[in-house]
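# Examination of the molecular architecture
Here is what each chain is made of, one letter per residue.
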Amino acid sequence: MGPHPAVAAIRLAVRRVLHDILTEQPPAHDTRRTPARGAARPCAPDAERVPAPGTRRSVAVPARAAHDQAHTSSRPRPGEDVPQAPLVLVACSGGADSMALASALAFEAPKLGIRAGGITVDHGLQPGSDLRADEVVLRLTELGLSPAESIAVTVGRDGGPEAAARDARYAALDSAAERHGATAILLGHTRDDQAETVLLGLARGSGIRSLSGMAAVSGADGRYRRPFLHLDRQTARKACMVQSLPVWDDPHNADPAYTRSRLRHEGLPALEKALGKGVVEALARTAQLSRDDADALDAWASQAEASVRDAAGLLECAKLYALPPAVRRRILRRAAIEAGAPAGSLFARHIEEIDRLITGWRGQGAINLPGKVVAQRQGGRLVIRQG
């Protein structure tokens, strides 16, 4: 008899992502020499590392028996150089989604010859958060993940509490990936999370890129992977329950002070009551369709940009005017960012103001943009530079 359907679903999702990671791996140059028979073996690389500042705890545990069995048939001869197996980390808060992901990674990775570890981030926003982080490390260790580590961060205030916590979390995960040489980090975002992200983007009126939600692959060199975007939240919770995995329910997820919490507990249920079941699936499908369209428009804008610049590299207003608005605004946004405007502070209204220099020119003056960048029209050219 096979595993419970929920467990089978999460394992299949992780297995597919791990196969993708292996397929994308370049020829290995990082090698280690196996000791000759009778020679002393060095400590595991993860055990030797000194934790970075802010790291509370790092636990190196022996590889699971399944990992050893997976390599028995291809064990190298003494003295032979063998490639370092790729390391995949799971970001785990201790909640149902990430615990289900951690359990699936621990089960699937050894069968593919992949090293698997786990990271939990302590945001320090709740009393006892350090104890909760230590408990998560223990659970990851019990699953057989190594390294298993908690990282304490300081959450700022820029962009609001949710955005600031997210920025601190990803910075910590990036740092952990660099220290451990991880190939990828798995994130437990589900289809429900995707639906919420689409609605938040719609409320901001930020355009098609916001409606595209979270990408299955994102970050530098495709570091972040989201295997569960096609699975609902209940599947992950069910998988934890049937495997007797303890989970932690973050009280912030039910706190109406947070926008996403209100959307989760009030907004989406109201939509389903008014429109019927299937809203979450429809929003997730909208995200994928929007992402496909946004990617195509980005590619078009990238190809068109060279054709609207003069010999000196300045943007020509007449040629920009001839482009479709969606393509033109992408070129303008990219030019503003290249001039020094922070991408996270550059909103749709800024791009619309620059666009009016092209489509509604009446001799208006320069436009001030975030990052002390100025955009102005001069002699039929659009000049965007540091003010």
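Throughout, a residue's number is its position along its own chain's written sequence, starting from 1. Only residues with pLDDT of at least 70 are given local features in this predicted model, and only at 80 or more are side-chain atom pairs given and counted; all residues enter the totals for whole chains, interfaces and linings. No hydrogens and no water enter the side-chain calculation; it runs on all heavy atoms of the structure.

### A closer look at the packing of aromatic side chains
Stated formally: Aromatic pairs are defined between Phe, Tyr and Trp rings, using the six-membered ring for Trp, whenever the two ring centres lie within 6.5 Å; interplanar angles under 30 degrees are classed as stacked, those over 60 as edge-to-face, and all others as tilted. Runs of E in the DSSP output that reach at least two residues are strands. Runs of H or I that reach at least four are helices, and both are numbered from the N terminus. The cut-offs for exposure are 20% and 50% of the maximum accessible area for each residue type, with area from a 1.4 Å probe on protein chains only; residues under the lower value are buried, those over the upper are exposed, and the others partly exposed.
Tallied over the full model, the rule gives one aromatic pair. On the basis of an interplanar angle of 85 degrees and a centroid distance of 5.1 Å, the ring pair of Tyr170 and Tyr224 is categorised as edge-to-face. Taken together, the residues span a long stretch of sequence, with Tyr170 in helix α6 (residues 161-180) and Tyr224 in strand β9 (residues 224-225) at a distance of 54 residues. What makes Tyr224 buried here is its relative accessible area of 4%.

### Some words on the pairing of strand β13 (residues 381-386)
Strand residues, when the strand is regular, have side chains that alternate between the two faces of the sheet. This is how the line gets drawn: Pairs of strands are assigned from DSSP output, requiring at least two bridges between the strands.
Note: strand β10 (residues 315-316) against β13, two bridges, orientation antiparallel. Its bridge partner lying in β13, Leu315 is registered against Leu382. Taken together, strand β12 (residues 373-378) and the strand that follows it, β13, pair antiparallel across an intervening segment of two residues, in which Gly379 is found at a positive phi of about 55 degrees.

### Concerning the confidence of the model for the protein chain
Under the convention used in this document: The predictor attaches a confidence to each residue, and that confidence, scored 0 to 100, is pLDDT. We call two residues in contact whenever any of their non-hydrogen atoms come within 4.5 Å of each other.
Of the residues in the protein chain, 85% have a pLDDT of 70 or more, and the chain-wide mean is 86. Within the model, the stretch residues 29-75 combines pLDDT values under 50 with 82 contacts to residues more than four positions away or in other chains.

### Considerations on the side chain of Thr235
Its place among the elements puts Thr235 in helix α9 (residues 233-242). Once residues within four sequence positions are removed from consideration, Thr235 is found in contact with Ala6, Ala9 and Ile10.

### Concerning the sheet that holds β12
Note: strands within a sheet are paired through backbone hydrogen bonds, in either parallel or antiparallel orientation. Spelled out, the test is: Simply put, an axis is a line fit to the C-alpha atoms, just over the touching stretch for a helix, and the angle between two N-to-C directions goes from 0 to 180 degrees.
Spatially, β10-β13-β12-β11 is the arrangement adopted by the four strands of the open sheet, whose pairing is antiparallel. Of all the strands in the sheet, the pair left with one neighbour each is β10 and β11 (367-369). Direction of pairing for β11 relative to β12: antiparallel, over a ladder of three bridges. Its bridge partner being in β12, Asn368 is matched across the sheet by Val374. Helix-sheet contacts for helix α13 (residues 325-338) involve β10, β11, β12 and β13, and the interaxial angle to β13 is about 35 degrees.

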